[in-house]
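A look at the structure
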Amino acid sequence: GLLHTMSKTGYNRELMIYCPKGAGKKMKQFLDLTGVHGIDYKIKEVRGKFIDNPYFSISSLALDHDVACNGYMFEEKDRLRINKKKLSKHNIKGKEVGNLIRGKNVKVDGKLIKYKDLTFLEKGRKISFVFDTKYCSNVDKLIKNSDLAIMEGVFLGSTSVGKEMSKRYKHLTLEESVKAGKKGKVKELIISHISQRYEFKEKFLLKEAKKIYKNVRIASDLMKVTI
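The shown structure was predicted, so the numbers you read here are calculated from the model rather than taken from an experiment.

1. A closer look at a positive patch on the surface
A surface patch of positive charge is lined by Lys 21, Lys 42, Lys 44 and Arg 47. Along the chain, Lys 21 turns up in the loop between strand 1 (15–20) and helix 2 (24–34).

Right, dumping it as structure tokens:
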């Protein structure tokens, strides 16, 4: 459906599709069977850091499910920002402002201005995604110190049925995800991928989750999140 929509709206670049190690062949078979609607695409199996530019990086770690599955983390790079109040005291404009942001000292009217005096370091943010897995060590590595973590919480582990089903189908329980979020000092945790057996019970799920960790929300359709 997504590829069909992209085709109809004139997408004409090569589409990069990233997937877990061992899943590329099956993904290509699926796309060839269902049709790609004229989209030029390339499939790349990834593990570890697979995108790295001056602004951010994206990494993947293998999770433990009954099929190949990755978790992902988006990490923004730390960057220098201009202290506008301090900058206003100097006659610095244009290219020189850019040099300060790049960590370079500048000369203005013969006077050396150090970038450290007019900038501050803004820490990059981290967003992590953990879906389709039983609890494993890579869950902790992915979400550690995340500004936002989006995790599955398919079943309630407080019930015998939920505990048994999460084990059988290799999924995280609500409680496992929330405990991991608390342990990893996640600033905001959003629980998604919830079993239909809990439909219309979001308030109850949230109440149970907040017994463990306060910085948690339950996902909803079309939810918007500001970091």
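2. Here's the deal with unusual backbone geometry
Although it is not a glycine, His 37 sits at a positive phi angle of roughly 55 degrees. You can call His 37 partly exposed: its relative accessible area is 38%. In the Ramachandran plot, Phe 200 falls in the positive-phi region, its phi being about 70 degrees despite a non-glycine side chain. Inspection of the secondary structure puts Phe 200 in the loop between strand 12 (189–192) and helix 9 (202–210). What makes Phe 200 exposed here is its relative accessible area of 72%.

3. As for the pattern of salt bridges
Close approach of charged atoms allows side chains with opposite charge to pair. Tallying each qualifying case throughout the model produces 13 salt bridges. Linking Asp 52 and Lys 77 is a salt bridge whose minimum nitrogen-to-oxygen distance equals 2.9 Å. One end of the pair, Asp 52, is in strand 3 (residues 48–52); the other, Lys 77, is in the loop between strand 5 (70–76) and strand 6 (79–82), with 25 residues separating them in the sequence. Note that Asp 64 is salt-bridged to Lys 170, the shortest N-O span being 3.2 Å. One end of the pair, Asp 64, is in the loop between strand 4 (56–62) and strand 5; the other, Lys 170, is in the loop between helix 7 (160–169) and helix 8 (174–183), with 106 residues separating them in the sequence. When salt bridges with common partners are traced through the structure, they connect Asp 64, Lys 134 and Lys 170 into a single cluster.

4. Structural notes on the nonpolar core
With 27 residues, the main nonpolar core has Val 130, Ile 143, Met 151, Leu 174, Val 178 and Leu 189 as its most contacted residues. Every element with two or more residues in this core is listed here: helix 6 (137–143), strand 11 (148–152), helix 8, strand 12, helix 9 and strand 13 (216–218). Once you skip the residues sitting within four places of it in the chain, Ile 143 turns out to touch Lys 126, Ser 128, Val 130, Ala 149, Met 151, Ala 180, Gly 181, Gly 184 and Val 186. One finds Ile 92, Leu 100, Ile 113 and Leu 118 within the second-largest nonpolar core, a separate group that totals 9 residues.

5. Quick look at the sheet that holds strand 13
Spatially, the 7 strands line up as an open sheet ordered 3-4-5-10-11-12-13, and their pairing is mixed. At either margin of the open sheet sits one strand with a lone partner, and together these are strand 3 and strand 13. Geometrically, the sheet is characterised by an average inter-axis angle of 15 degrees between neighbouring strands, direction not taken into account. Each of strand 11, strand 12 and strand 13 touches helix 8; the most contacted strand, strand 12, lies at about 165 degrees to it.

6. Considering the packing of aromatic side chains
With the rule as written, the count across this model stands at 3 aromatic pairs. Seen in terms of ring centroids, Phe 50 and Tyr 72 are 6.1 Å apart; in terms of plane orientation they differ by 80 degrees. Their pairing is edge-to-face. Residue Phe 50 is located in strand 3, and its partner Tyr 72 is located in strand 5; the two are separated by 22 residues in the primary sequence. On the accessibility criterion, Tyr 72 (21% relative accessible area) is partly exposed.

Analysis parameters
- Residues numbered from 1 in each chain as written.
- Predicted model: local features only at pLDDT ≥ 70, side-chain atom pairs only at ≥ 80, totals over all residues.
- Heavy atoms only, no water.
- Patch = residues over 30% accessible without salt bridge, like charges linked within 9 Å, V, L, I, M, F, W, Y side chains within 5 Å.
- Areas by Shrake-Rupley, 256 points an atom, 1.4 Å probe, with all protein chains shown as cover.
- Salt bridge = Lys/Arg side-chain N within 4 Å of Asp/Glu carboxyl O.
- Lys, Arg positive; Asp, Glu negative; His and termini not counted.
- Charge placed at Lys NZ, Arg CZ, Asp CG, Glu CD.
- Helix = DSSP H or I, 4+ residues; strand = E, 2+ residues; numbered from the N terminus.
- Buried < 20%, exposed > 50% of the residue type's maximum accessible area, 1.4 Å probe, protein only.
- Core = buried A, V, L, I, M, F, W, Y, C linked by side-chain atoms within 4.5 Å.
- Contact = heavy atoms within 4.5 Å.
- Pairing = 2+ DSSP bridges.
- Axes fitted to C-alpha atoms, helices over the stretch in contact; angles between N-to-C directions.
- Phe/Tyr/Trp six-rings, centres within 6.5 Å; stacked < 30°, edge-to-face > 60°.

Coordinates in, geometry out; function isn't part of it.
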